[in-house]
Amino acid sequence: MKKVVLSVLLVFNTLFVCQSQEWMTSLEVAKSLAFVQDKLLFVIWEDVSYGQYPVLITDDKGVAYVDDLFSNESLNEVIWKHFVPVIISETNYETLYKDIKGKRNQLYIDKFNDDSIKIMDINGTIINTSFTYYDYLDIGKFISKYALNTAFLKAELTNYKTQKDWNTAYRLASKYIDFAVLVNDQVRPEIIKISNYYLKEAETLASAETSTVLNRKIQLQKIYQDLVLGKAKKVLRQLRRIDDSAGDASDESFEAFLYFTSYLLLKDETNASSWRSKVSLVNLKMTNLIVKNNY
């Protein structure tokens, strides 16, 4: 996925004045629109929207101060171009909190509760939990980082929306890891975190009959997460410890991909060559992207 390049100052200084589009106020309607448009949600709590929300815009020419994000027409045009912005009513707090209570760590809960902008996927999962700022937000850099087109996830998101079970949660998690290979370097670790939320959900939804097979598949996906982040030595250590007794044919091919890519990242052509023939063409493409991302 190509990195989004924004020139917010150019938009801000343009002579063209547009009619500001109101932010949405229904989270469910916003989710549906974001799904159709292949966008993420740009979310703020209702109480925050009553006051001014000052931000900064920086580029090679310097810094511009904007006293209120919500009332600036040019900035809102840029936000609507890349996201679906939504103001969540405080009356929704209890319901939304119950959905994550006991399922997310304290860092996630803190982000859910604070007054900052939250970037969510169409299921309402917060992506930018690791982004903390204590001064004015550089809105141009923020938009550039999170303006992601989610079309790549469309099929898995559709299946998950239609029926939530261990299979659709697992496949969405796996697709998110693939997606992490395609996004910009800054947001990659956060997309990996998102995939982990869905892997945990798949574990929860698994029945006794499927849990043994699924657990091994989840193990491999977690190893894949480390591979995408360039942790080749850790990947090899984990692969050598994994139990092969519960694997199937698809796992064998995927394991070969993990071994092959890890050895390439370590520039060990000798060991990599022994796995090359077992790697599918699709995974070979992912190998090339992972290696490119890490060098």
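Preceding this paragraph is the structure being described.
In this text, all values refer to a predicted model and were calculated from it rather than measured experimentally.

So, on to the sheet that holds strand β4 (residues 83–88). Across a sheet, paired strands are connected by hydrogen bonds in the backbone, their directions being either parallel or antiparallel. Strand order in this open sheet of three strands is β4-β1-β5, and the pairing throughout is mixed. Where the open sheet ends on each side, the last strands, each with one partner, are β4 and β5 (118–120). For this sheet the average axis-to-axis angle between neighbouring strands, irrespective of direction, equals 30 degrees. Judged from the six bridges that link them, strand β1 (residues 40–45) and β4 form a sheet pairing that is parallel. If you follow phenylalanine 42 over to β4, its bridge partner there is proline 85. Here helix α4 (residues 73–82) sits on the sheet and contacts β1 and β4; the angle it forms with β4, its principal contact strand, is near 110 degrees. Against the sheet, helix α7 (residues 139–146) makes contact with β1, β4 and β5, and its axis sits at roughly 135 degrees relative to β1, the strand it touches most.

A few words now on the environment of tyrosine 65. Tracing the sequence through the fold places tyrosine 65 in strand β3 (residues 62–66). Given the relative accessible area of 46%, tyrosine 65 is considered partly exposed. Apart from the residues lying within four places of it in its own chain, the contact partners of tyrosine 65 are Pro54, Val55, Leu56 and Tyr136.

In terms of burial, α7 is a largely internal element, seven of the eight residues being buried. Regarding α7, the residues found buried are Ile139, Gly140, Phe142, Ile143, Ser144, Lys145 and Tyr146.

The strand order across the open sheet built from three strands is β3-β2-β6, with neighbouring strands paired in mixed fashion. Of all strands in the sheet, those bounded by a partner on one side alone are β3 and β6 (137–138). Here five bridges tie strand β2 (residues 55–59) to β3, and the two strands are oriented antiparallel to one another. Each residue of the ladder has a partner; that of aspartate 59, found in β3, is glycine 62.

Structurally, the position occupied by serine 273 is in helix α14 (residues 269–276). Sequence separation between serine 273 and phenylalanine 260 is 13 residues; the distance between their C-alpha atoms is 7.4 Å.

Here the focus is the packing of aromatic side chains. Applying the stated criterion across every chain, the model contains 22 aromatic pairs. Both rings, one in phenylalanine 42 and one in phenylalanine 142, keep their centres 6.1 Å apart while their planes meet at 85 degrees; by these two values the pair is edge-to-face. Here the residue phenylalanine 42 occupies a position in strand β1, and phenylalanine 142 occupies one in helix α7, the gap between them amounting to 100 residues. With a relative accessible area of 0%, phenylalanine 42 lands in the buried category. For the pair tryptophan 45 and phenylalanine 112, a centre-to-centre distance of 5.4 Å together with 85 degrees between the ring planes defines the contact as edge-to-face. Within this pair, whereas tryptophan 45 is found in strand β1, its partner phenylalanine 112 is found in helix α6 (residues 106–113), the two being separated by 67 residues in sequence.

Throughout the structure, instances matching the rule amount to nine salt bridges. Between glutamate 28 and lysine 31 there is a salt bridge; the shortest N-O distance is 3.3 Å. Remark: lysine 31 and glutamate 28 occur in helix α2 (residues 27–37); sequence separation between them is three residues, near one turn of the helix. Note on lysine 31: relative accessible area 14%, which makes it buried. Between aspartate 226 and lysine 234 there is a salt bridge whose closest N-O contact spans 3.7 Å. For aspartate 226, a relative accessible area of 9% puts it in the buried group.

Empty space within the largest pocket amounts to approximately 880 Å³. Along its surface, the largest pocket is lined by 28 residues, and Asp99, Arg104, Asn123, Tyr160 and Lys164 are the ones closest to its centre. In terms of residues, the lining of the largest pocket owes the most to one element, helix α10 (residues 188–205), which gives six residues. Looking at side-chain class alone, the lining of the largest pocket contains twelve nonpolar, seven polar and nine charged residues. Size it by volume and the second largest pocket reaches roughly 560 Å³.

The next subject is the pairing of β1. For β1, the buried fraction is high: six of the six residues fall into the buried class. Judged from the three bridges that link them, β1 and β5 form a sheet pairing that is antiparallel. By the bridge assignment, valine 43 is partnered in β5 with lysine 118.

How each quantity is defined
Residues numbered from 1 in each chain as written. Predicted model: local features only at pLDDT ≥ 70, side-chain atom pairs only at ≥ 80, totals over all residues. Heavy atoms only, no water. Pairing = 2+ DSSP bridges. Helix = DSSP H or I, 4+ residues; strand = E, 2+ residues; numbered from the N terminus. Axes fitted to C-alpha atoms, helices over the stretch in contact; angles between N-to-C directions. Contact = heavy atoms within 4.5 Å. Buried < 20%, exposed > 50% of the residue type's maximum accessible area, 1.4 Å probe, protein only. Phe/Tyr/Trp six-rings, centres within 6.5 Å; stacked < 30°, edge-to-face > 60°. Salt bridge = Lys/Arg side-chain N within 4 Å of Asp/Glu carboxyl O. 1 Å grid on protein atoms, 1.4 Å probe; cavity = no way out; pocket = protein on both sides within 12 Å on 5 of 7 lines; lining within 4 Å. Points joined across faces, edges and corners; volume = space filled by probe spheres on them. Nonpolar A, V, L, I, M, F, W, Y, C, P; charged D, E, K, R; others polar.

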